[in-house]
Amino acid sequence: MGAAAQAVDIGSGQGMGGKYLTFALGAEEYGIIITKVREIIGIMEITAVPHTPDFIKGVINLRGRVIPIVELRVKFGMELKPYDDRTCIIVVDVVGPSGMVQVGMLVDSVSEVVNMSAQDIESPPDFGAAAHADNIVGLGKIKGKLKILLDVDKVIGHSLAATLTEIA
Amino acid sequence: MAEDTRPTLAAQLDEMALKIMLVEPGDLSVVGELVVLIEGLLAMPEIASQPALAKMATALGEVIGKIVMAELEDSAENYERLGQGIGLMQEVCRKQGADEAAENNFHTLLGLIGYLSGAGHHKVEAASEPPANRPVPPPAAHPAPPAPSSGPGETLPPKPRILESPPVEAMDFLQDLELLTGFVGETLEHLESIEVNVLDLEDNPGDLEIVNKIFRPFHTIKGVAGFLNLKSIQKLAHSTENLLDDVRNGSRPMDAQVVEVVLKVGDFLKTMVENLSLVLKEGPESYLNYDISGHLAWVEAVRAGQGQAPSTATPIPPPTSGQTAAPAPVATAEAESTSPPAGKSPPPPSQKAAVGDSIKVDVEKLDGLVNAVGELVIMQAMIRANPRIGAISDPKLIKDFAQLGRITTELQKTAMSMRMVPIRQTFQKMIRLVRDLSKKTGKEVNLVMEGEETEIDRNMVDSIYDPLVHMIRNSVDHGVQPPSEREIQGKPRTGTVNLRAYQKGGNMVIEIEDDGQGLNTDKIRRKAIERGLIQEADKVSAYDLHNLIFLPGFSTADKITDVSGRGVGMDVVKKAVEKLRGKVEVLSELGKGSLFVIRLPLTLAIIDGIIVRVGAERYIIPTTAIQESLKPLRENYNTVQGRGETLLVRGTVLPIIRLYQLFRVEPTYSDPCQAIMVVVEYEGRQRAIMVDELLGKQEVVIKNLGGLSDIPGVAGGTILGDGRVGLILDLAGIVQSHSGHLSTDNGGDF
């Protein structure tokens, strides 16, 4: 419980300890802070929305709510891969251009929830001017494996905002 | 019991406050109604617990009696004072009688009218009258004000270096706290957007749309500040607006100087508005009278093309005085009593106390309920559509399903109706507006309202307020002529502005009609030619010409007044109305007047639509826009070199929009003659939208697309019967982005 409370404190925050949901995307493992996660759902039919960037896959009906779906593979410039029964949508709360919104992230598969203490997390290495460097909160090491910890507000929220200004 | 009595007294006083607004000199019928109200007030048993109020009401009754008997002057000014008096009574009522200051002021007011002082007629502009006593109308309304600080026809303050000394800016803007609160909030938002856009403009100096985006908020700030009599803010916004107008006209380039000055003015306005918000919190004592002359001079200098900012202007000028605008002790008391201090925000007089039993509910909860009910309706439909369920032929089940359907429909209706409110409150705010505007412009205008009971979606109320203000302002300022001119044309001196609301065919219609000068078709035509919108030889109907006034920056006004007159108002109106999925149009006849018609959907939540299929996607087209659908014949299909494709429908040539191209989806048919054409009308223009198939008609609940909004051509989404999301088309966007496609290819759709 203590860890969860700590996680709440830091919100979307900096590379600090707490519970992280980890998922796979290609060969890499990513993690996002659990307090941002609303739910995990299987893949369902997605309605495409015109005039949006490629990484916006479309919208789905989440129990009566319409939420946008971001295809993380496209967002991160990876190659597309056909959906299978492990493909998941992680629904997260992000700060969008007009307040909190729910957004679904399409990922290859969801792995587990891990507890990471602050010592397990290193600040992100300097990738130079790499495009997505500031999306990363830190690098977590669990059982010898590396997890890239994402800041969902930046990855999703900001790109939503960017989408909109692009359209306008 | 004491708790229960106050609302009734307060309600009665509110009613009185409203009535006094409607009183016009020479029209004693409303005065009669006022007397009845006062008698009603005195007859209330609760009044016994408030002797002070009873005394005031009695005195008020006597004064009105004397006015009726012509013992006291039947003048607008006296009614103004009576109005203030009623305001003070409301004050006393709220404080439960413990307000001696208000009581004293009340009697001072009556004294000014002539009551008790023995003088039969009020002496105009008695020297002893403290300025702060003067209510909202600006100095311009008085016969011969010494050096008006901002007359309506004035484009620029004549002597920008003159400091505005504290007494000039009376704190009458505190009279309508609700309005002021709104102003503070909105202005801060506007300033934020200005800042963002200015910075954006710095990167894209040629983009006129961004200049428009900066211009509009300044215009709005100016307008509302003028209405509230916040002179400094109004002046500063006005002169900055002038500068931006130059940029917009292309008469000066957008350079670093402009960016600098606009940003600094924005900062300064922010400081001033933040001070106002402090005033709202802590009372009038915290009001600071800022010296704007430095900034004003700077803006003018930049506008005149002079280089550097005067050094006096760069730092934010310190407030000239930390005191309230108080030339005389009486005035201080006055200012404080008419403006309730700290924290309290009493209902303004125009607001009726809640009628009947009602409770306040959090809007979010209500929206949650409406959403949940919407889901329930869809879920129900899905269960019924399940083939296994359909296979059961149990009569009981069928009966129960019918019953369930009835209940859910009922529930949905009720939930929807909970979001509907009468438009009355919005309309009532216009009374004050017209009254103040007519004073400001020196015109006599009578506002006639109809259909205040008409219900409108709660979510629309706020959004419709701004456009209405713009249009009413426009009607009073440009429509209705000055009394002398009206007489020459054989019209009654007093102009009439009709404000009507009614429901018609699934729409809520708001009409604003004035009996003023109407639109000058020739002038608009010339202007349109000048701006290259039409060619000299083009035959354009008067209706089409008139509706050009809704284009950005299209104004035929010869002089720019501080009320309106750059055409900026009308395009704001149009954008705001379209955002609500409504339409606005103008019908006008020169010399007779103009009629503005706003059509809005009854609710923002539900739309009646035709579901169409394009490839694997399904879209919903709002039924209101659809005229017909057809399978085209080969001979009616034509391509126009460089201009796209057309379809001949009943003798009219319609441009074809291939939806699959616009939305980049894979269609079933790419041959127009195999596909279906849906003929839609948008803003008087018809288009044929090409789709693969019509799937059916359905009432759908509109949902926003989560974080995605403002997507061209898409108004929102809905959950279709199979649980998937369907997109609702926004025809305005489709027609526009289609034209956009053409113009990039061929350089113009006109």
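Below is a short write-up of the structure. (Residues numbered from 1 in each chain as written. Chains lettered and ligands numbered in written order. Predicted model: local features only at pLDDT ≥ 70, side-chain atom pairs only at ≥ 80, totals over all residues. Heavy atoms only, no water.)

**Focus on the overall build of chain A**
Moving on, step 1. Counting its secondary structure elements, chain A contains three helices and eleven strands.
Moving on, step 2. In sequence order, the secondary structure elements of chain A are arranged as α-β-β-β-β-β-α-β-β-β-β-β-β-α.
Moving on, step 3. Restricting the contact set of chain A to residue pairs at least 6 apart, pairs at least 24 apart contribute 56%.
Moving on, step 4. As displayed, chain A has an accessible area near 7,800 Å², and 53% of this comes from carbon and sulfur atoms. (Helix = DSSP H or I, 4+ residues; strand = E, 2+ residues; numbered from the N terminus. Contact = heavy atoms within 4.5 Å. Areas by Shrake-Rupley, 256 points an atom, 1.4 Å probe, with all protein chains shown as cover.)

**A closer look at the overall build of chain B**
Moving on, step 1. Across its full length, chain B holds 22 helices and 18 strands.
Moving on, step 2. Each of the 750 residues in chain B was classed as buried or not, and the buried ones make up 49%. (Buried < 20%, exposed > 50% of the residue type's maximum accessible area, 1.4 Å probe, protein only.)

**Observations concerning the packing of helix α9 (residues 256-282) of chain B against helix α10 (residues 293-303) of chain B**
All names here are of chain B.
Moving on, step 1. It is the contact of α9 with α10, at a shortest axis distance of 10 Å, that shows an interaxial angle of 160°. Between α9 and α10, the angle is such that the two are roughly antiparallel. Viewed along their axes, α9 and α10 form a crossing whose handedness is left-handed. From α9, Q257, V258, E260, V261, K264, V265 and F268 reach across to α10, where they touch H295, W298, V299 and V302.
Moving on, step 2. In the contact of α9 with α10, the residues fall into seven nonpolar, two polar and two charged. (Axes fitted to C-alpha atoms, helices over the stretch in contact; angles between N-to-C directions. Parallel < 35°, antiparallel > 145°, perpendicular 65-115°, else oblique. Left-handed = near helix turned anticlockwise from the far one by under 90°. Nonpolar A, V, L, I, M, F, W, Y, C, P; charged D, E, K, R; others polar.)

**Focus on the interface of chain B and chain A**
Moving on, step 1. Listed by partner, the interface residues are 21 residues for chain B and 21 residues for chain A.
Moving on, step 2. Summed over both sides, the interface between chain B and chain A buries roughly 2,000 Å², with carbon and sulfur atoms accounting for 66% of that surface.
Moving on, step 3. Taken together, the connections running from chain B to chain A amount to one salt bridge.
Moving on, step 4. Residue E45 of chain A pairs with R724 of chain B through a salt bridge whose shortest N-O separation is 2.9 Å. (Buried area = accessible area lost by both parts, 1.4 Å probe. Salt bridge = Lys/Arg side-chain N within 4 Å of Asp/Glu carboxyl O.)

**As for the sheet that holds strand β17 (residues 714-719) of chain B**
Residue and element names in this part refer to chain B.
Moving on, step 1. Strand order in the open sheet formed by five strands is β16-β8-β9-β18-β17, with mixed pairing between adjacent strands. Since the sheet does not close on itself, it has two edges, and those belong to β16 (693-701) and β17, each with one partner. Neighbour-to-neighbour, the strand axes of the sheet open up by a mean angle of 35°, direction not taken into account.
Moving on, step 2. With five bridges connecting them, β17 and strand β18 (residues 725-729) associate as antiparallel partners. Within β18, the position partnered with T718 by the bridge is G726. (Pairing = 2+ DSSP bridges.)

**What about the side chain of N212 of chain B?**
Moving on, step 1. Tracing the sequence through the fold places N212 of chain B in helix α7 (residues 208-227).
Moving on, step 2. For N212 of chain B, the contacting residues outside a window of four places in its chain are P217, R248 and P552 of chain B.

**Side note on the pattern of salt bridges**
Note that side chains of opposite charge can pair when their charged atoms are close.
Moving on, step 1. Summed over all chains, the structure comprises 28 salt bridges over all chains.
Moving on, step 2. Between R599 of chain B and E585 of chain B there is a salt bridge whose closest N-O contact spans 2.9 Å. Of this pair, R599 of chain B sits in strand β7 (residues 593-601) while E585 of chain B sits in strand β6 (residues 583-589); the two residues are 14 residues apart in sequence, bridging distant segments of the chain.
Moving on, step 3. In this structure R599 of chain B comes out as partly exposed when scored by relative accessible area, which is 30%.
Moving on, step 4. With relative accessibility at 16%, the residue E585 of chain B sits in the buried group.
Moving on, step 5. A single salt-bridge network, built from bridges that share partners, covers E45 of chain A together with E617 and R724 of chain B.

**Topic: the environment of S484 of chain B**
Residues and elements named next belong to chain B.
Moving on, step 1. The residue S484 is located in helix α17 (residues 483-488) in this model.
Moving on, step 2. With a relative accessible area of 48%, S484 lands in the partly exposed category.
Moving on, step 3. Considered as a pair, S484 and T494 are ten residues apart in the sequence and their alpha carbons are 9.9 Å apart.

**Looking at the pairing of strand β6 (residues 88-96) of chain A**
Residue and element names in this part refer to chain A.
Moving on, step 1. Most of β6 sits inside the fold, with eight of its nine residues counted as buried.
Moving on, step 2. Of the pairings in the sheet, the one linking strand β3 (residues 37-42) to β6 comprises five bridges and is antiparallel in character. If you follow E39 over to β6, its bridge partner there is V91.
Moving on, step 3. Sheet analysis places β6 next to strand β7 (residues 99-107), joined by nine bridges and oriented antiparallel. In the sheet register, V94 faces β7, and the bridge partner there is V101.

**Remarks on the sheet that holds strand β14 (residues 676-682) of chain B**
Residue and element names in this part refer to chain B.
Moving on, step 1. Read from one edge to the other, the open sheet built from six strands follows the order β10-β14-β15-β13-β12-β11, with strand pairing classed as mixed. Edge positions in the open sheet fall to β10 (626-630) and β11 (637-640), since each of these has one partner strand only. Recorded for the sheet is a direction-independent mean angle of 35° between the axes of neighbouring strands.

**Concerning unusual backbone geometry**
Residue and element names in this part refer to chain A.
Moving on, step 1. The backbone of H51 sits at a positive phi, close to 55°, despite the residue not being glycine.
Moving on, step 2. Its place among the elements puts H51 in the loop between β3 and β4 (56-62).
Moving on, step 3. With a relative accessible area of 22%, H51 lands in the partly exposed category.

**Remarks on the packing of helix α12 (residues 363-385) of chain B against helix α14 (residues 395-417) of chain B**
Working note: a packed helix pair is described by the angle between its axes plus the distance between those axes.
Residues and elements named next belong to chain B.
Moving on, step 1. Running from N to C, α12 and α14 cross one another at 160°; their axes reach a closest spacing of 9 Å. The angle between α12 and α14 falls in the class roughly antiparallel. You can see that α12 and α14 cross each other, and the crossing is left-handed. Mapping the contact onto sequence places L369, V370, V373, L376, V377, Q380, I383 and R384 in α12 and F401, L404, G405, T408, L411, Q412, A415 and M416 in α14.
Moving on, step 2. A per-class count over the contact of α12 with α14 returns eleven nonpolar, four polar and one charged.

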